Amino acid sequence: MQKLQQLYEGKAKKVYATEDPNVVIVSYKDDATAFNGQKKGTITGKGAINNRMTNNLMRRLEAAGVPTHYIQELNDRETAVKKVSIIPLEVIVRNISAGSFAKRYGVAEGIVFDEPTFEFSYKNDDLGDPLINTSHALALKLATREEIDLIHTYTMQVNDLLKGFLKEIGIDLVDFKLEFGKTAGGQIVLADEISPDTCRLWDEKTHEKLDKDRFRRDMGGAEEAYEEVMRRLMGEL
Ligand code: TMP
């Protein structure tokens, strides 16, 4: 598959056109940002790990019945995916309190919820990705009610599946963010990535953080944490 002109550059990935109008190539960068791009840095090796981890998980989700944008891994950092228009909603699920939930509601991190929580942020960097509810998303015509219902169904399936995949490798899935897109044919599919950038992953025994919080919070050891998740998931590096 031939990489043609660059269509888009985001904070962690670039997107290129291909000869096929329905296929694009995503290229994962080592660049890391936090707090809406105010904090910038590099996590060496992150691009390759996030690419391979995302593909591993998307293949397994697809096999379990969740439609995804995944087509084919091309090399360490690059993957062919279906071209979609991204629905501007960041879909966040939480199984354990952490991050903005703990801060907003004034509770400790680490409280295990009886049921997962579900929320949306409006994907809009100028506004700082504010929390948004379904009626607001409908008012803004970010998606239809049917699309939001489908996104909710897929997201809950993804949570159950991912929790299981990660438990097998001794990791608790604390929370995560998904993005969905619409294909040229109008199908809603899981898009973007599933990686330590977009999930909080804690070792089930030690509760050690194995995700981007190590970068966000200047804890050190981000590279090693990403490598550890990759090693457990793929049995190699
Ligand atoms: P939060 O606790 O900061 O709201 O984050 C919830 C989850 O969403 C966490 O797993 C990290 C992920 N996330 C992203 O993937 N991108 C973002 O821009 C933010 C703020 C969070």
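The structure contained in this document is the topic of the report that follows.

**Quick notes on the overall build of the protein**
Helices and strands together make up the secondary structure of the protein, namely 6 helices and 14 strands. For 237 residues, the compact-globule estimate of 2.2 N^0.38 gives 18 Å, and the protein sits close to it at 17 Å. Taking the principal axes of the C-alpha coordinates as reference, the protein spans close to 50 × 45 × 35 Å. Relative to its full complement of 237 residues, the protein shows a buried share of 52%.

**A few points about the site of the ligand**
As a structural note, the neighbourhood of the ligand is formed by Ile92, Arg94, Gly99, Ser100, Asp175, Phe176, Lys177, Asp197, Thr198, Cys199, Arg200 and Arg216. Side-chain polar atom of arginine 94 to an oxygen atom of the ligand: 2.9 Å apart, as the coordinates give it. Expressed as a share of its isolated accessible area of 450 Å², the protein-covered part of the ligand is 75%. When contributions to the shell around the ligand are tallied by element, the ones reaching two or more residues are β9 (89-96), α2 (99-105), β12 (171-183) and β14 (199-203). Here the element with the most residues in the shell around the ligand is β12; it accounts for 3 residues. Residue composition of the shell around the ligand, by class: 3 nonpolar, 3 polar and 6 charged.

**What to know about the nonpolar core**
Residues Leu89, Val158, Leu178, Phe180, Leu190, Ile194 and Leu201 are the most contacted members of the largest nonpolar core, which totals 48 residues. When residues no more than four places from it in sequence are discounted, the contact partners of phenylalanine 180 are Ser85, Ile86, Ile87, Val91, Ile151, Tyr154, Thr155, Ile188, Val189, Leu190 and Ala191. In this structure, Val15, Val24, Tyr28 and Val81 belong to the second largest nonpolar core, which totals 5 residues.

**Some remarks on the packing of aromatic side chains**
Here the structure, examined in full by the defined rule, presents 4 aromatic pairs. Look at phenylalanine 118 and phenylalanine 120: their rings are 5.0 Å apart centre to centre, the planes differ by 80°, and that puts the pair in the edge-to-face class. Aromatic ring contacts, followed pair by pair, group Phe101, Tyr105 and Phe113 into a single cluster. It is lysine 3 that lies over the ring of tyrosine 16; its NZ or CZ is 4.5 Å from the centre. Over the ring of phenylalanine 215 we find lysine 39, and its NZ or CZ is 5.1 Å from the ring centre.

**Quick look at the environment of valine 84**
With respect to the secondary-structure elements, valine 84 resides in strand β8 (residues 84-86). For valine 84, a relative accessible area of 21% gives the class partly exposed. Discounting chain neighbours no more than four positions away, the residues touching valine 84 are Gly181, Lys182, Thr183, Val189 and Ala191.

**A short note on the pattern of salt bridges**
Summed over the entire model, instances satisfying the criterion amount to 27 salt bridges. Lysine 123 serves as the salt-bridge partner of glutamate 179, at 3.4 Å between the closest nitrogen and oxygen. Highlighted residues: glutamate 179 in strand β12 and lysine 123 in the loop between β10 (112-122) and β11 (131-132), separated in sequence by 56 residues. For glutamate 179, a relative accessible area of 4% gives the class buried. For aspartate 213, the salt bridge is made with arginine 217, and the minimal N-O distance between the two is 3.4 Å. When its relative accessible area of 1% is taken as the criterion, aspartate 213 is described as buried. Of the residues examined, arginine 217 reaches a relative accessible area of 35% and is grouped as partly exposed. Members of the salt-bridge network, linked through shared partners, are Arg94, Glu109, Glu119, Asp175, Arg200, Lys209, Asp213, Arg216 and Arg217.

**A short note on a nonpolar patch on the surface**
Among the surface-exposed residues, Tyr105, Val107, Ile111 and Leu131 lie close enough to one another that they form a single nonpolar patch of about 350 Å² accessible area. Mapped onto the elements, valine 107 comes out in the loop between α2 and β10. Residue valine 107 is classed as partly exposed on the basis of its relative accessible area, which comes to 32%.

**Considerations on the side chain of glutamate 179**
A distance of 3.4 Å separates a polar atom in the side chain of glutamate 179 from a polar atom in the side chain of lysine 123. A distance of 2.7 Å separates polar atoms of two side chains, one belonging to glutamate 179 and the other to lysine 177. Discounting residues that sit within four places of it in the chain, glutamate 179 has contacts with Ile86, Leu89, Glu90, Lys123, Val189, Leu190, Ala191 and Asp192.

Scoring rules and cut-offs
Residues numbered from 1 in each chain as written. Predicted model: local features only at pLDDT ≥ 70, side-chain atom pairs only at ≥ 80, totals over all residues. Heavy atoms only, no water. Helix = DSSP H or I, 4+ residues; strand = E, 2+ residues; numbered from the N terminus. Rg over C-alpha atoms; globule rule 2.2 N^0.38 Å. Buried < 20%, exposed > 50% of the residue type's maximum accessible area, 1.4 Å probe, protein only. Near = heavy atom within 4 Å. Polar contact = N/O pair within 3.5 Å; in protein donor to acceptor, adjacent residues only side chain to side chain. Areas by Shrake-Rupley, 256 points an atom, 1.4 Å probe, with all protein chains shown as cover. Nonpolar A, V, L, I, M, F, W, Y, C, P; charged D, E, K, R; others polar. Core = buried A, V, L, I, M, F, W, Y, C linked by side-chain atoms within 4.5 Å. Contact = heavy atoms within 4.5 Å. Phe/Tyr/Trp six-rings, centres within 6.5 Å; stacked < 30°, edge-to-face > 60°. Lys NZ or Arg CZ within 6 Å of the ring centre and 35° of its normal. Salt bridge = Lys/Arg side-chain N within 4 Å of Asp/Glu carboxyl O. Patch = residues over 30% accessible without salt bridge, like charges linked within 9 Å, V, L, I, M, F, W, Y side chains within 5 Å.

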